[in-house]
Amino acid sequence: MLQYVFVEHPFFALTSLLYLASTIAYGLAWVSPSRLPGRAGTALMVAGVALNTAVIAGRWVEAGRAPFKSLFESLVFFAFCIALLYVVFERLYKTRLFGVAAGLMTFGSMAYALTKWDAEIVKLPPALQSGWFVPHVMVYFVGYAAVAIATGVAVVQLLSSRIPFVHRLTTMKAGSVLSGEPLDLDRISYDAVRFGFVLLTVGLLVGSVWAKSAWGDFWVWDPKENWSLVTWLIYGAYLHLRKVRGWRGDRAAWVAIIGFAVVMFTYLGISMLPTAEESAHVYTGT
Amino acid sequence: MSTSPTPAGPSPAASVSAGAREARLTTLLVFGAMAIGAILQIWIPPGPTTLVAATGGASLVVLGLSFVVPGRLRSTLSGFRFTSSLLIALAIFAILGTLILQGKPAELYRAKYPAVAGLILALRFDDIFHGLPYAGLMALFGAAILASASLRLPLSARRAGFFIAHVGLLVSGAGAAASSMLSVRGRIDLFAGGDVAHQVRVTRGGVATGAFEKLPFQLRLDQFDLVNYETEYRIGYYEKVRIVREGVVMDDFKLKTSFDAYRVDVFNSRAEPIPDLDRHRLPGGDSFRVKAFYPDFEVATRTTPASEGPPALLVTLAGRSTWLQAGEVVSTPDGTLAVAFGQQRPAPPPGVSTSVLVSMSDRQAVVHRADGDGAQPLAEGLSLLGGVVRIDRLLAHSARGAFYQTRSREPRNPAVVIETSVHGLVSETLATAAQPRGVFLRDGQSALVFEKRDKEVKAFLSHVTAGQGPTFARAVISVNDPFDFGGWTLYQVNYNPEDPTYSGLEAVRDPGVLWVFVGFALICVGVFYMLYVEPRFRGGGIDRQAPVAPADS
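Not measured: the values here are computed from a predicted model. (Residues numbered from 1 in each chain as written. Chains lettered and ligands numbered in written order. Predicted model: local features only at pLDDT ≥ 70, side-chain atom pairs only at ≥ 80, totals over all residues. Heavy atoms only, no water.)

Caption draft 1: Quick look at the domain arrangement of chain B. All names here are of chain B. Domain boundaries in chain B define domain 1 (12-151), domain 2 (158-179 + 511-553), domain 3 (184-228 + 457-509), domain 4 (234-296 + 407-423 + 439-451) and domain 5 (302-401). Summed over both sides, the interface between domain 1 and domain 2 buries roughly 590 Å², with carbon and sulfur atoms accounting for 82% of that surface. The three residues of domain 1 that bury the most area against domain 2 are Val-52, Ile-145 and Ala-149, which together make up 62% of that side's buried surface. There are zero salt bridges connecting domain 1 and domain 2. The tally of links from domain 1 across to domain 2 stands at zero residue pairs in polar contact (both at pLDDT 80 or more). Top contributing element to the side of domain 1 that touches domain 2 by residue count: helix α7 (residues 132-150), with five residues. Classifying every residue of the side of domain 1 that touches domain 2 by side-chain character gives five nonpolar, two polar and no charged. (Domains from an automatic or database assignment. Buried area = accessible area lost by both parts, 1.4 Å probe. Salt bridge = Lys/Arg side-chain N within 4 Å of Asp/Glu carboxyl O. Polar contact = N/O pair within 3.5 Å; in protein donor to acceptor, adjacent residues only side chain to side chain. Helix = DSSP H or I, 4+ residues; strand = E, 2+ residues; numbered from the N terminus. Nonpolar A, V, L, I, M, F, W, Y, C, P; charged D, E, K, R; others polar.)

Given below as structure tokens:
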């Protein structure tokens, strides 16, 4: 299988390896007093993003359409979104602490993509030949990436109150943390959810407008629509909980994690539902 | 959806007591709404009208009661506990709607969910989103939005986002209600060449109701185009999978991936395809490569020198070269001239006016006519009958074998030679797209198939003319590109691959959709404003002023 992956999809495989290498480097930064592993992690992650961009662009040209049709293509794009957003977050919050979480997610997404064999370029059916296709998918996946990062931060947040080593990492002044300041994990997670929620809202509504222009109905109770609504309700509840009830810390982190679990089911699990056959959203090759 | 800021001040005991009362009231409202809906549903069947009427009516009643009934009803409606309970209940309904097939015949539920079919049908969960329990929750949701939005009045820039988002929810909800109650949807089936429609066959939930709605205009289908993607020839990789079909477990082959048989320059669509001769690794560990690609395949024969075997002659007759072995004849298409070749002098072919009889042992070429023969010594390069016949080559002994070639560059009969390596054992197989068959790999668990793909629909387009009195308009309707005319929107939804003149259109008149989209815009603006603009009024932190919940809250 690995031989097949490396021979037939070398650039996808290389991108995965870059993400894996960055994960390892970020992991080393946790335990090394030197700044070198952390910097290497960032460099590898940026290289991964660059190669991932090239891979997506190449496939876009080869397919003559946006490469978001199959599960394989969407996973590659998902990895790209997580990596890109993580790099921005790293600069924004001046910390490399979450590099391992982001690296694991990007590598996991690429590795899962490479185990899918629907790597061939399939034709775009008439329903997907719409100006709404690209914005709908892009907005959603950047939103997914944002809540994925929020979840990574939430996991670190939960672990930091239970594992002294992780707690030290979140407050250390050298190595993984660039700024030298203790991190407000709760705030970072909230910022990511907030950003993701806006995009999930726009994605849901753009999808509805697209459904109207394609089928004449803005809401058809498609399983994916329903689960997207559930996702939106959960993150809506998260924001309400923070704003009104003042939920912070572990409880907010758990809601963020549950929300992401539902996001993942919405993304990957719809094909398991008994109503999946009636959905217009089930990926080919699942 | 919610809510007022948590009030400060009351004693812990009072807070607990108030919280317990709110929890009880929330439980009563949410479960009460569902229970009342379930009971009323015995007499009132689910449907869009039921949903809208019940939601709207109950919503206003609940809201009205919250203003006149003493106690905590209004504050409960606008509180977070109520909102969160309601959101959870709505989410559960949304999930149930994806677990239970919707809108199917009762027999299907009895067959598919034998243990719970009775419950599903009794609670009308077969149409869960149009039932009264769901309407009850939606009514509470509407009342909650109105109650919590009203708490934001008078409006200020510091809290406009919440208000705008909730007004957006109300507007889109009202639009959806109008859409559900007032919209008309139906099918128009037309055939190209001037077929005209004056009415719509009304449908509900995709099923014809038997009713018709007259169109305020006439619609003519002038032309229908079914556009396919360009034909491709690919090598599909199939793997054996176990499937259950009609209750029987069986093996089947499923397409896992496919490979190019040839490559096309994506930047130059006119360039000729180049065979993809690279070796490809397969997931099971085997490998293959396309050893040869023939766009217009045929089997030809080739004659070569040999140490033994019959003599052979390469002759050009009327510009066409042919190898002849002893005993064979070649003639012109009109049959007036022939060349016969033999070890001894061959007999003249019957019915041919002029023949050239070539004898290998005599080393002679005899031009035979009705008025007599003329012999010449046989030699390579010998030209006869003014150059119409030319002896090109002579072989004392020859062998003849078949070989593959392409007649032209056009893909009239594509074929490939696939070289597979299975367990290190290399073999070759000829595969033609006209007669696809599997080249089996490891233990018969997977196979390669050279196949033609030419039925993939790229677009279907209806060229229509709509006329209403002196006004008329022409348009091309395709999927994702509907046509608005006379208050109706026409969508391209169907075609028939067996009848390229048929076009299926969906006609929709929906007065509510504009408000749905206005509501959507307000929700987007409100959410963005609430999360990114409002915090600036509060000095940078949206939730810095919010109270932190005690550990046990």
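Caption draft 2: Spatial organisation of the sheet that holds strand β5 (residues 248-260) of chain B. Residue and element names in this part refer to chain B. Across the sheet, which stays open at both edges, the four strands sit in the order β5-β4-β24-β23 with antiparallel pairing between neighbours. Two strands close off the open sheet at either side, each with one partner strand: β5 and β23 (439-440). Pairing between β23 and strand β24 (residues 446-453): two bridges, direction antiparallel. Its bridge partner lying in β24, Val-439 is registered against Leu-448. (Pairing = 2+ DSSP bridges.)

Caption draft 3: Just the pattern of salt bridges, in detail. Counted under the stated rule, the structure contains 31 salt bridges over all chains. Between Glu-232 of chain B and Lys-123 of chain A there is a salt bridge, with the nearest N and O atoms lying 3.0 Å from each other. Here Glu-232 of chain B is found in strand β4 (residues 232-245), whereas its partner Lys-123 of chain A is found in the loop between α5 (99-115) and α6 (133-160) on a different chain. One salt bridge connects Arg-124 of chain B with Asp-126 of chain B, and the closest N-O pair in it is separated by 3.1 Å. Several salt bridges converge on common partners, so that one network encompasses Asp-296, Glu-298, Arg-407 and Arg-412 of chain B.

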